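Given next are the chains, with one letter for each unit.
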Amino acid sequence: MSGRGASFHLAWLVLLLLSFLVARGHGMADEAISNLRKETIDIFYHGYDNYMKHAFPEDELRPLTCGPLTRDRLNPAHIEVNDVLGNYSLTLIDSLSTLAIIASSPAPAKRARNKPLHDFQDGIRLLVEHYGDGSTGPAGRGSRARGFDLDSKVQVFETVIRGVGGLVSAHQFAVGDLPIRSYQPKVERRKGREGIFWKNGLVYDGQLLRLATDLAERLMPAFRTPTGLPYPRVNLRHRVPFYANSPYNTDAEHGQCNKDPNDKGAEITETCSAGAGSLVLEFSTLSRLTGNPRYEKAAKVAFWAVWHRRSAIGLIGAGIDAETGQWVSPYTGIGAGIDSFFEYSLKSHILLSGLPFDVENVGLDSPDAFLRVWEDAHDGIKRHIYRGAAHQHPHYVQVDLYTGALRAFWVDSLSAYYQGLLTMAGELDEAIETHLLYTALWTRYSAMPERWSTATGNIESGLRWWGGRPEFIESTWYLYRATNDPWYLHVGEMALRDIKRRCWTKCGWAGLQDVRTGELSDRMESFFLGETAKYLFLLFDPSHPLNTWDAPFVFTTEGHPLVIPQRLRKPQGAKPMTPIPDWVPAPGTCPLPPAPVPFSISATAARSDIFHAASLARLHLMPTTGDVESPLVDFTTDHPSISLSDVRSPSNYTYYPWTLPPELIPHNAMSSKMAMRTTFDLSFPNMPNTMQLGGLQRVHEGILVNSMSGLRLGMVREPEFLPIETEITFDDQFRIYAIANVALGRDEKVFMTRSTIENFNPLDPFFTRTRDGNALDLVLDIPPLPIPSPSSSLSDLLDKKTNLSAFDGVHEMEVDLDPEKLETEPSYLHSLLASLQSLLAVPQMPETSSTSSPSSSPSSSSETQQPQRQTVHATLPTGPGAAPMPDVSDPNLEFDPANPLPWKNVYIHPNDLCNERLPIEIPRSHQVIVVPRGGCSFSAKLRNIPAFAPSLEALQLVIIVSFPDHEKPDYDVGNPPAEPNTNDNDRGWGMGTRKPKPDPRRGSNGERGNANINLVSPLLDETQYTPSGLLRPHPIPLVMASGGEDTVELLRRARGVGVRRRYYFLSQGVRISNLIVL
């Protein structure tokens, strides 16, 4: 009995423990979440009611002086205000979608008034009263203006995302395209009027959509530019006459802008990537709802105009000139000026998914085209802007647009949006880890400073304000929806408490002019009600329709939800989707949230790197005050939205967010060791009689070192990079990240000639020269192209049927004709034809031949010119059949008639040499044999070369030429490589028509620092044998060269062939990866 009783008590204890854990499993009680939701509604209404009372119908509220904030007409250059405030009741338009969202929760009880829904409908009625119904008749004129016929010069971007986006989103809520719980709009016809009849007397029949169209039409003149990038600003009444080169700058009678580019008073044409490329969501939705495609087309043209100007390393800049398309600044990152471009690339894919598009232009118009931009952009960001755990904690910095070199250490508050975008894209791990830093920063400053430096730990350049920006709260909402981790609820609670504690005023919510001192600014930005309050509300309302709705809707960068309604979508399968050539999207799967740690509630709170972010934010330097004084304590009795708990911190900031209950931290949690980078400087002595001037030279892909005297190399040790996620561990390598205080990008290289380093000890343990056993360079002497003799006629030249499109010397020909001389002077026509002949002077391509020898007679004019010495990258073989290279000296890279290349006779085999034997005369009389890759193994190709007696005139080297299709990256490390293609079309030199697929790490021109990254070493998997099956007494050296048909053509024309060994450097036995010895 006693044993059974003990077991019974033990079982009860286990059940009690489990019930306790289950009760705590949510991390935050439903009642607490409900209270936070109610507090968020109070926050919104405290701002909204005061705006309607003190500022409407003006644009924004001054919360300190209880008055309206309007355009600064006395100072047109005050763009911080004038760019946004268009004199069209901006805060009301920005708040309508928030009212509609709040109207869904809590669900109104029977016979109870749904105040947010009524306020939403009343707000629309007020807009119609002030700005008309958007029609052309009498009803189209409001008490304030007819539509948006206002003399206001505004920024195109801000007007689209706030004005057009706010109106379209509110329209979709009004007609039921977007859900409002318990609101079921019906179109009815009463007394000759058709529409949705509301209790406030308004019959809604699309007034907001017509107003949005009116506003968009007034912005369209800004898109009349040579590049398709819109001008940054437009006058809602007078279009854009203030730009000198605008087609509207033609009114000389009433004033015309000076077209002198040196005029300092001329309007600047600089826009930004975000401003020009973040219009697709609003304009596409407007086009689909109205049936007018011009808005969507203009927005897409602008988007692609930005993307097509990305740098060679796949990055876009912030400032860009709308007229020239040139980047204004070489700095780039993920924040201000760039942010929403990345956001709209992914969200445009979501919004437009399943919709018809131009199948003739699939690479630009299809939804997948935008997804591809996001994937390529994210690759570039992760490669160049992201800094990993070795930099204390993962974060993003500012880098050079063209090289990726580090330029600045600051992060800005706008960049806090990126974690939400990563969450949408399924990059959950990256989103979680980088969001920690922003949470630690908010904990430290009780707000998000505009710009903060990871290097100094202080606010950067005096940018110390927080104007109520929503990006951090937005990302917190996305992460909570993806993980359901209560940690993010407490992050939102922290933001709510700090806003109430620091930003409350009697007349609304003020921004913080200084996050350190709490100094307030007399402005409540429209996005505070339109975004910040909205995302807080959605965070604390898990059952909201927009949190559970299965539809391709998106939130714009201004927080307005948009959707292309189902009635405008064709049934799936009506038209087959056309894939984008040369691109396969990543699998569309949603990652699982992090696995919870046993006996814990929050996987985020239990992360072993949570204090790494705290260390980077210098959170440990915060004062541990028990109370935080606030003037709002005096108003708590009269304002139920304020509570005393808002002015007391329950922790000493050891953990963050400061609202996090201590019980969410595992009792045995331990921080992991912070990763440290191995870095050191390698300095070289000052050399006597050495000029240091011009010692470094900027070249394509990096820096050329002309002198080692006094040089200092900054090096970092890191794992070898592979552009995929894999669990395989690669060897470490050193990378030169700085040279003589010049920062280098991750893919930049340092070039040194052999003459530059010949005076240094090659066995120095810190700078050891080593011969590359995997690669070398083929050196070729290429004769100049023959020039036709003057006696050759134009008809003879054209009879050669030369492909003029392959002639690189002339891309465009302009010939000035004089019609009178053409008719009266026969010699003029003769001179004209002679000019055309000289322009079209291209070489007559030799007939396909298996041999190329110095006995072939070039034209007499080309004999007087020296050949050009060129190099081709090649790899050395591995395996039991590999033979050493011939014992020849490395040639110079400059042509020297006194030191010719050793091999003159080259044989080009017409097929893959898999099913036939070479005649014995070929290896006896040719020093180089060229064979295309593919069809069979490398050993099989060598087996078909007959045995021959070694001599200087006999075969010295076999060159296998690889084509682009052979060099596709195959990173499927879990599966064996595919068998070689044995299709008949791939067995000869016809493969020259193949084109390589684009690499996301390449620039728009396809170039890359290491263009042969995918050229592997050929495997000779067996000892070399003769065709008769005997062991070959003299193995044949073999290399594999890249370049495809171009390389073959060079070998056909070559007068000489040689090999030049490659070298690389080791430091302490570790290879320096980006040091290239020329």
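Residues numbered from 1 in each chain as written. Predicted model: local features only at pLDDT ≥ 70, side-chain atom pairs only at ≥ 80, totals over all residues. Heavy atoms only, no water.

Enquirer: Tell me what's going on with the packing of aromatic side chains, and back it up with residues and numbers.
Expert: Aromatic ring pairs are defined here through the distance separating the ring centres and the angle between the ring planes. Here the structure, examined in full by the defined rule, presents 35 aromatic pairs. Consider the rings of phenylalanine 303 and phenylalanine 370, whose centres lie 4.9 Å apart with planes at 55°: the pair is tilted. Remark: phenylalanine 370 occurs in helix 13 (residues 367-384) and phenylalanine 303 occurs in helix 10 (residues 294-307); sequence separation between them is 67 residues. Judged by relative accessible area, phenylalanine 303 falls into the buried class, the value being 0%. Members of the aromatic cluster, joined through ring pairs, are Phe303, Trp304, Trp307, Phe341, Phe342 and Phe370. Between the NZ or CZ atom of arginine 190 and the centre of the ring of phenylalanine 197, over which it lies, the distance is 4.4 Å. For the cation-ring pair, lysine 382 lies above tyrosine 386, with the distance from its terminal atom to the ring centre recorded as 5.0 Å. (Phe/Tyr/Trp six-rings, centres within 6.5 Å; stacked < 30°, edge-to-face > 60°. Helix = DSSP H or I, 4+ residues; strand = E, 2+ residues; numbered from the N terminus. Buried < 20%, exposed > 50% of the residue type's maximum accessible area, 1.4 Å probe, protein only. Lys NZ or Arg CZ within 6 Å of the ring centre and 35° of its normal.)

Enquirer: Quick rundown of helix 18 (residues 526-539)? Include the residues and the values.
Expert: For helix 18, with 14 residues, the first-to-last C-alpha span of 20 Å sits near the 20 Å given by 1.5 Å per residue. Judged by how many residues are buried, helix 18 sits mostly within the fold: 14 of 14 residues are covered. (Expected span 1.5 Å × (residues − 1).)

Enquirer: I'd like a rundown of the pairing of strand 26 (residues 712-719), residues and numbers included.
Expert: The sheet contact formed by strand 23 (residues 678-683) and strand 26 spans six bridges and is antiparallel. Among the inter-strand pairings, serine 683 is bridged to a residue of strand 26, identified as arginine 712. Of the strand pairs in this sheet, strand 26 and strand 27 (residues 732-739) are connected by seven bridges, and their pairing is antiparallel. Counted as the bridge partner of proline 719 is aspartate 732 from strand 27. (Pairing = 2+ DSSP bridges.)

Enquirer: With reference to specific residues and values, describe the side chain of aspartate 485.
Expert: Tracing the backbone through its elements, the reader meets aspartate 485 in the loop between helix 16 (471-483) and helix 17 (486-503). Among buried Asp, Glu, Lys and Arg side chains, aspartate 485 stands out as unpaired, with arginine 607 the closest opposite charge at 8.6 Å. A distance of 2.7 Å separates the side chain of aspartate 485 from the side chain of serine 602, its partner in a polar contact. For aspartate 485, the contacting residues outside a window of four places in its chain are Tyr480, Ser602, Ala603 and Thr604. (Lys, Arg positive; Asp, Glu negative; His and termini not counted. Salt bridge = Lys/Arg side-chain N within 4 Å of Asp/Glu carboxyl O. Polar contact = N/O pair within 3.5 Å; in protein donor to acceptor, adjacent residues only side chain to side chain. Contact = heavy atoms within 4.5 Å.)

Enquirer: Please set out the nonpolar core residue by residue, giving values where relevant.
Expert: Counting residues in hydrophobic clusters, the biggest one holds 191 residues, and the most contacted among them are Phe120, Ile124 and Phe342. Apart from residues no more than four positions distant in its own chain, isoleucine 124 is found in contact with Leu96, Ala174, Trp198, Leu202, Tyr204 and Leu208. Of all hydrophobic cores here, the second largest spans 26 residues; its members include Leu778, Leu780, Leu876 and Phe963. (Core = buried A, V, L, I, M, F, W, Y, C linked by side-chain atoms within 4.5 Å.)

Enquirer: Quick one: what's the story with helix 17, residue by residue and with numbers?
Expert: With 18 residues, helix 17 should reach 26 Å at 1.5 Å per residue; the first-to-last C-alpha distance of 25 Å fits that figure. Counting buried positions along helix 17 gives 18 out of 18 residues, so the element sits mostly inside the fold. The N-capping residue of helix 17, defined by a side-chain oxygen 2.9 Å from the backbone nitrogen of tryptophan 487, is aspartate 485.

Enquirer: Explain the pattern of salt bridges to me, and be specific about the residues and the numbers.
Expert: Counting across every chain of the model gives 50 salt bridges. One salt bridge connects glutamate 194 with arginine 189, and the closest N-O pair in it is separated by 3.5 Å. Residue class for glutamate 194 comes out partly exposed when judged on its relative accessible area of 47%. Aspartate 772 is the partner of arginine 1071 in a salt bridge, and the nearest nitrogen-oxygen pair spans 3.8 Å. With arginine 1071 in strand 39 (residues 1070-1071) and aspartate 772 in strand 31 (residues 767-782), this pair connects stretches of sequence that are 299 residues apart. For arginine 1071, a relative accessible area of 36% puts it in the partly exposed group. Classification of aspartate 772 as buried rests on a relative accessible area of 8%. When salt bridges with common partners are traced through the structure, they connect Glu60, Glu158, Arg162, Arg523, Glu525 and Glu558 into a single cluster.

Enquirer: Let's hear about the state of the cysteines: which residues, and what values?
Expert: All told, the structure shown has two disulfides when counted by the stated rule. With its sulfur 1.8 Å from that of its partner, cysteine 66 forms a disulfide with cysteine 507. The sign of the 85° torsion about the S-S bond sets the cysteine 66-cysteine 507 disulfide as right-handed. Taken as a pair, cysteine 66 in the loop between strand 1 (60-62) and strand 2 (67-69) and cysteine 507 in the loop between strand 17 (504-505) and strand 18 (508-509) lie far apart in primary sequence, 441 residues in all. Given a relative accessible area of 29%, cysteine 66 falls into the partly exposed group. A sulfur-sulfur separation of 2.1 Å characterises the disulfide bridge that pairs cysteine 914 with cysteine 936. Taking the sign of the S-S torsion, -85° for the link of cysteine 914 and cysteine 936, the bridge is left-handed. One end of the pair, cysteine 914, is in the loop between strand 34 (906-908) and helix 26 (921-925); the other, cysteine 936, is in the loop between strand 35 (928-932) and helix 27 (938-943), and 22 residues separate them in sequence. (Disulfide = S-S within 2.5 Å.)

Enquirer: Before we move on, could you go through the environment of threonine 403 and cite the residues and values that matter?
Expert: Tracing the backbone shows threonine 403 in the loop between strand 13 (398-400) and strand 14 (406-408). Assessed through its relative accessible area of 14%, threonine 403 is described here as buried. Residues in contact with threonine 403, not counting those within four places in the same chain, are Ile313, Arg698, Gly745, Arg746 and Glu748. Here alanine 405 takes part through its backbone nitrogen, which lies 3.2 Å from a polar atom of the side chain of threonine 403.

Enquirer: An account of the UniProt feature "active site" (unreviewed entry) in the protein chain is needed here, citing residue identities and associated values.
Expert: If you check UniProt for "active site" (unreviewed entry), the listed places come out as Glu158, Asp339, Glu450 and Glu471 in our numbering. As for its position among the elements, glutamate 450 is in the loop between helix 15 (428-445) and strand 16 (451-453). Excluding residues that lie within four positions of it along the chain, glutamate 450 makes contacts with Val411, Asp412, Ser413, Leu463, Trp465 and Arg469. Position of glutamate 471 relative to the elements: it lies in helix 16. The exposure class of glutamate 471 is buried, given its relative accessible area of 10%. Once you skip the residues sitting within four places of it in the chain, glutamate 471 turns out to touch Ser413, Leu414, Ala416 and Tyr417. (UniProt positions renumbered as here; feature names shortened; annotations may be inferred.)

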